[in-house]
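# Results of the structural survey
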Amino acid sequence: MKVLKFGGTSVGSPESILSIKRIVEQEAQVAPVVVVVSALGGVTDKLIATSRLAVAGNELWEAEFNAIAQRHHQMIDTVITDTERRQAVTLTVDALLEQLQSIYRGVFLIHDLSEKTQAAIVSYGERISSNIVTALIDGAVRMNARDFIKTERKNGKHSLDAELTYRLVREAFDASNIKHQTSNAIYVVPGFISHDRDTGQTTNLGRGGSDYTASIIAAALDADVLEIWTDVDGFMTADPRVIHTAYTINELSYVEAMELCNFGAKVIYPPTIYPVCVKNIPIRVKNTFNPDHPGTLIKDKIEDDQKPIKGISSISGTTLITVTGLSKVGVIGVNRRIFSALAVNGISVFMVSQASSENSTSIGVRDEDAEAAVKVLNGEFQKEIETGAMFPMHAENNLATIAIVGENMKHTPGIAGKLFGTLGRSGISVIACAQGASETNISFVVDSKFLRKSLNVLHDSFFLSEYKVLNLFICGVGTVGSKLIEQIRSQYEELKERSRLKLNVVGIASSKNAIFSRDGLDLDNYRELLRQSEPSSPERLRENILSMNIFNSVFVDCTASKDVAALYQSFLEHNISVVAANKIAASSDYESYYKLKQTALARGVIFRFETNVGAGLPIIGTINDLRNSGDRILKIEAVLSGTLNFIFNELSAEVPFSETVRRAKEQGYSEPDPRIDLSGTDVIRKLVILTREAGYRVEQADVDKHLFVPDEYFTGTQDEFWNRLPQLDADFEQRRKHLEAEGKRWRFVATMEGGKTHVALKAVDATHPFYNLAGSNNIVLLTTERYKEYPMQIQGYGAGAGVTAAGVFANIMSIANI
């Protein structure tokens, strides 16, 4: 036999209650079933709210009561089509509503609402709903829960009298018969409601009591399974409202389910688990609105369970109260006083963290209990506080408690280390933590503003997510930025399929506008979205990115902006990795460069700028690999400007110097202002970056420059520059002819040797590795301790939006693969 419990959402609408009919009648064809139902969704809250209006003398109670009555009448008229049944259940429900109205009227007149009266009022929700469900389901028999669910008064509260209740349940259902019936037996029981064994008054099992009712009946009757039907497919790996990649957990142990419930997973009421756990009766959580989904099965042992972490749960609205004082050390009974004082005042503590020195104990309570808890504890330790032996209670609010749960944690070393390492790399400080010796739950407290980020990064880190997610902010939609976005768009599905990686572009900024979406932007339509967006600036860009506080995030700079480069330090300090095609930061003053590198190292994030030199060529990465393996860079010789190499390769008798410069700009090889290339500024920046990465301290001003364009060409406007540039053509042509006669070619060479740097236009002959360098290619020769006689040579495309974007993409992927 089965016990099926349907919650408020399951009986909340005509569609859902008709679904109950189909589910129950189908189950009854196989075995007898007991159906436990809650009040219609939201009705219990309405009953309580109406009682408060009545006791306050507010005449609006009557309108609220009429709304409750109307809702139940509408439900009956909608779902029960048989005239005879509809008339019968209407009479029953009307009688119950009349009783309820009389109680409300009495409360209104005498302005008194006792605990007994309140319990009687809230019982009508289940009493009415169970009558409707019984009338709806063919062959159903209604049982009165107050006949067999019995409570007793303990410590001022109504608690279940388990022994008496179990005996009465078995008698009421005639357990031997119900277990041997093959089919068609359907019993409907109102959940939540109970009866005081001594006074005979109506009581209840508290919030979530319908789950508890179903569990008690299942345990008393030795049911084969307890099914909890709700509005979700089962237990999820995390809250799907926060983590979109959360998915249903197929199986949980009783312990795991209890831990998740205690820490905010509102799938079932925590006490539900105990009665069936003792009897080893499995619980299956299913969705009334998706009955074909298998749901989550909760049982004693999980076979072939390899996952150390099953789920992540959280409690927002946490206050941490710290009890501290030197007099606590070594004193027996202080913690007993803390918990006894709180228990007497009805304050629940859900987490405890104590230092081994015993001088402080931190306890987690809900925000609504915080003020009372502080008052109680200050009162309890008043004498110690007055003498200075203890300090007044310190309460820290606006916090959240997170728990990772899984019984296999005790068999998997390093879980706690991975947990705190993951949080640390994401810039999330743990305020307090607790772990029991059973190792099924690690709980910790964080600032509430980091709750979403913590849940996401942990869900991703512990492979609970189907995909690893990298959240990208792309700044710059010019030639490189737009190519990068296109490459990400075209590779998106393949990366999901092959690498289980989602590259989620959550922000795109141009020089004037910016768009953001935590769920990811439409890369097919981003330009239109940018045009429609609000104006932006570097400072507003920074504020938007930091306020999103998103996990696993990377800022990608595809601009040449000094103002954008100035944002890197702040991003790294907030645990946002940075990938830069922009050369300004890495070639700025050495102290700033060094600070960026050290901040990234300290924060456990990444600062990558491979494309600063050689576009997509692996130059910086190779230098780092050589140094990390113990080698030492002695000398660098390089042609680092694809633009200048293109210009000097294009130069001929037919193509004058000014025309080659114009072609370089038109074909996208040069900077928007070609004077940056011609002045050697770009090459100097690149040489400075390589020299620094090779382990030497150098500034741009330290580079010895031998340029080939007079200084006066670098002043004035771009239009003036283009007008004057042809004046150099004749001189260049004369020198080119002389060079051709000698069998040589021009190359603008950057050199570092022993930390000394210089750039110059050099003539190289056919024996030199630079001689046959074609098009816009770059080449780098690295002379090291290991590569002395034959330098390491790296050669390839060194300019162009496509290869630069590909290099940026490779940097992004290197972060994803860490």
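So, a few notes on the structure that sits alongside this text. From a predicted model like this one, the values you see are computed outputs, not experimental measurements.

What counts, and at which threshold
- Residues numbered from 1 in each chain as written.
- Predicted model: local features only at pLDDT ≥ 70, side-chain atom pairs only at ≥ 80, totals over all residues.
- Heavy atoms only, no water.
- Helix = DSSP H or I, 4+ residues; strand = E, 2+ residues; numbered from the N terminus.
- Rg over C-alpha atoms; globule rule 2.2 N^0.38 Å.
- Buried < 20%, exposed > 50% of the residue type's maximum accessible area, 1.4 Å probe, protein only.
- Phe/Tyr/Trp six-rings, centres within 6.5 Å; stacked < 30°, edge-to-face > 60°.
- Lys NZ or Arg CZ within 6 Å of the ring centre and 35° of its normal.
- Core = buried A, V, L, I, M, F, W, Y, C linked by side-chain atoms within 4.5 Å.
- Polar contact = N/O pair within 3.5 Å; in protein donor to acceptor, adjacent residues only side chain to side chain.
- Contact = heavy atoms within 4.5 Å.
- Expected span 1.5 Å × (residues − 1).
- Salt bridge = Lys/Arg side-chain N within 4 Å of Asp/Glu carboxyl O.
- Pairing = 2+ DSSP bridges.
- Axes fitted to C-alpha atoms, helices over the stretch in contact; angles between N-to-C directions.
- Disulfide = S-S within 2.5 Å.
- Parallel < 35°, antiparallel > 145°, perpendicular 65-115°, else oblique.
- Left-handed = near helix turned anticlockwise from the far one by under 90°.
- Nonpolar A, V, L, I, M, F, W, Y, C, P; charged D, E, K, R; others polar.

## Some points on the overall build of the chain
- Helix and strand counts for the chain come out as 30 helices and 30 strands.
- Its C-alpha radius of gyration of 37 Å places the chain more than 25% over the 28 Å reference for a compact globule of 818 residues.
- Seen through its C-alpha atoms, the chain measures out along the principal axes to roughly 115 × 70 × 55 Å.
- In the chain, buried positions account for 52% of the 818 residues.

## Notes on the packing of aromatic side chains
- Going through the model one piece at a time under the given rule, you end up with 23 aromatic pairs.
- Centre to centre, the rings of Trp61 and Phe108 are 6.2 Å apart; their planes meet at 40 degrees, and the pair counts as tilted. Taken as a pair, Trp61 in helix 3 (residues 60-79) and Phe108 in helix 4 (residues 83-110) lie far apart in primary sequence, 47 residues in all.
- On the basis of relative accessible area, Phe108 is assigned to the buried category, the value being 18%.
- Every member of this aromatic cluster is reached through a ring pair, and the members are Phe648, Phe657, Phe708, Phe732, Trp746 and Phe748.
- Positioned above the aromatic ring of Tyr771 is the side chain of Arg745, whose terminal nitrogen or guanidinium carbon lies 4.1 Å from the ring centre.

## Structural notes on the nonpolar core
- Counting 103 residues, the largest nonpolar core has Ile404, Leu458, Phe555, Ile636, Phe657 and Phe708 as its most contacted members.
- Broken down by element, this core gets its largest block of residues, 6 residues, from helix 27 (residues 681-693).

## Topic: the side chain of Thr272
- Within the element layout of this structure, Thr272 appears in the loop between helix 9 (254-262) and helix 10 (273-278).
- For Thr272, the side chain forms a polar contact with the main-chain oxygen of Tyr269, separated by 2.7 Å.
- Ignoring any residue separated from it by four or fewer positions in sequence, one finds Thr272 in contact with Asp211, Tyr212, Ser215 and Leu226.

## Some words on helix 8 (residues 209-220)
- Taking 1.5 Å of rise per residue, 12 residues should cover 16 Å, and helix 8 covers 16 Å from first to last C-alpha, within 8% of that figure.
- Three or more residues of helix 8 are buried, namely Gly209, Ser210, Asp211, Tyr212, Thr213, Ala214, Ser215, Ile216, Ile217, Ala218, Ala219 and Ala220.
- Looking one or two residues beyond helix 8, the residue adopting positive phi is Asp222, at roughly 50 degrees.

## Structural notes on unusual backbone geometry
- Although it is not a glycine, Asn280 sits at a positive phi angle of roughly 55 degrees.
- Within the element layout of this structure, Asn280 appears in the loop between helix 10 and strand 11 (283-287).
- Phi at Asn549 takes a positive value of approximately 50 degrees, unusual for a residue other than glycine.
- Looking at the secondary structure, you find Asn549 in the loop between helix 18 (538-548) and strand 22 (553-557).
- Since its relative accessible area comes to 16%, Asn549 is described here as buried.

## Focus: the pattern of salt bridges
- The final tally for this structure, using the stated rule, is 40 salt bridges.
- A salt bridge links Lys2 to Glu27, with the nearest nitrogen and oxygen atoms 2.9 Å apart. Here Glu27 lies in helix 1 (residues 14-28) and Lys2 lies in strand 1 (residues 2-6), a separation of 25 residues in the sequence.
- Owing to a relative accessible area of 22%, Lys2 belongs among the partly exposed residues under this scheme.
- Counted as one network, the salt bridges with shared partners bring together Glu152, Lys154, Asp161, Arg197 and Asp198.

## Looking at the sheet that holds strand 8 (residues 202-204)
- With respect to topology, 4 strands assemble into an open sheet ordered 5-4-7-8, the strand pairing being mixed. Taken across any chain shown, the strands that pair with only one partner, and hence form the sheet edges, are strand 5 (157-160) and strand 8. Across this sheet, the average inter-strand angle for adjacent strands is 55 degrees, counted without regard to direction.
- Relative to strand 7 (residues 193-196), strand 4 (residues 150-154) runs parallel, the two sharing 2 bridges. When the bridges of strand 7 are listed, Lys150 appears paired with His195.

## Side note on the side chain of Ser587
- For Ser587, the location among the structural elements is in helix 21 (residues 584-587).
- When its relative accessible area of 2% is taken as the criterion, Ser587 is described as buried.
- With near-sequence residues (within four places) excluded, Ser587 lies in contact with Arg685, Val688, Ile689, Arg692 and Gln700.

## Some thoughts on the pairing of strand 22
- Counting buried positions over the 5 residues of strand 22 gives 5, a clear majority of the element.
- Residues Ser553, Phe555 and Asp557 line one face of strand 22 and the alternating positions Val554 and Val556 line the opposite face, and both faces are buried.
- Strand direction decides the pairing type here: strand 19 (residues 468-475) and strand 22, joined by 5 bridges, are parallel. The residue of strand 22 that forms the bridge with Asn471 is Ser553.
- Alignment of strand 22 against strand 23 (residues 577-580), held across 4 bridges, turns out to be parallel. Note that in strand 23 the partner of Asp557 across the bridge is Ala580.

## Here we look at the sheet that holds strand 22
- A sheet is described by the order of its strands in space; here 6 strands give the open sequence 21-20-19-22-23-24, paired in mixed fashion. The sheet terminates laterally at strand 21 (514-516) and strand 24 (607-608), the two strands that pair on one side only.
- Helix 16 (residues 479-499) contacts strand 19, strand 20 (501-509) and strand 22 of the sheet and is inclined by roughly 155 degrees relative to strand 20.

## Observations regarding the environment of Ser553
- Within the fold, Ser553 resides in strand 22.
- For Ser553, a relative accessible area of 5% gives the class buried.
- A sequence separation of 81 residues divides Ser553 from Leu472, and the C-alpha atoms of the two residues are 5.8 Å apart.
- If sequence neighbours within four positions are ignored, Ser553 has contacts with Asn471, Phe473, Ile576 and Ser577.

## A word on the state of the cysteines
- Scanning the model with the defined rule gives 0 disulfides in all.
- Left without a disulfide partner, Cys261 is nearest to the cysteine sulfur of Cys277, which lies 12 Å away.
- Cys261 sits in the buried class, given a relative accessible area of 8%.

## Description of the packing of helix 2 (residues 43-55) against helix 3
- Where helix 2 contacts helix 3, the axes come no closer than 8 Å and their chain directions differ by 160 degrees. Between helix 2 and helix 3, the angle is such that the two are roughly antiparallel. In this structure, helix 2 crosses over helix 3, and the sense of that crossing is left-handed. Contact residues: helix 2 offers Val43, Lys46, Leu47, Thr50, Leu53 and Ala54, while helix 3 offers Leu60, Trp61, Glu64, Phe65, Ile68, Arg71 and His72.
- Among the residues forming the contact of helix 2 with helix 3, the class breakdown is 8 nonpolar, 2 polar and 3 charged.

## Quick notes on the pairing of strand 14 (residues 351-354)
- Only one face of strand 14 is buried, namely the one carrying Met351 and Ser353, since none of Val352 and Gln354 on the opposite face is buried.
- Relative to strand 15 (residues 360-366), strand 14 is paired through 4 bridges, and the arrangement is antiparallel. Residue pairing across strands places Val352 opposite Ile363, the latter belonging to strand 15.

## Describing the packing of helix 1 against helix 5 (residues 115-136)
- For the pair helix 1 and helix 5, the least separation of the axes is 10 Å and the interaxial angle reads 55 degrees. Judged on the interaxial angle alone, helix 5 and helix 1 are oblique. For the crossing formed where helix 1 meets helix 5, the hand is right-handed. Together, Ile17, Leu18, Lys21 and Glu25 of helix 1 and Ile132, Val133 and Leu136 of helix 5 make up the contact between the two elements.

## Regarding the environment of Ser499
- Structurally, the position occupied by Ser499 is in helix 16.
- Judged by relative accessible area, Ser499 falls into the partly exposed class, the value being 35%.
- In this structure the C-alpha to C-alpha distance between Ser499 and Glu659, which are 160 residues apart in sequence, comes to 46 Å.

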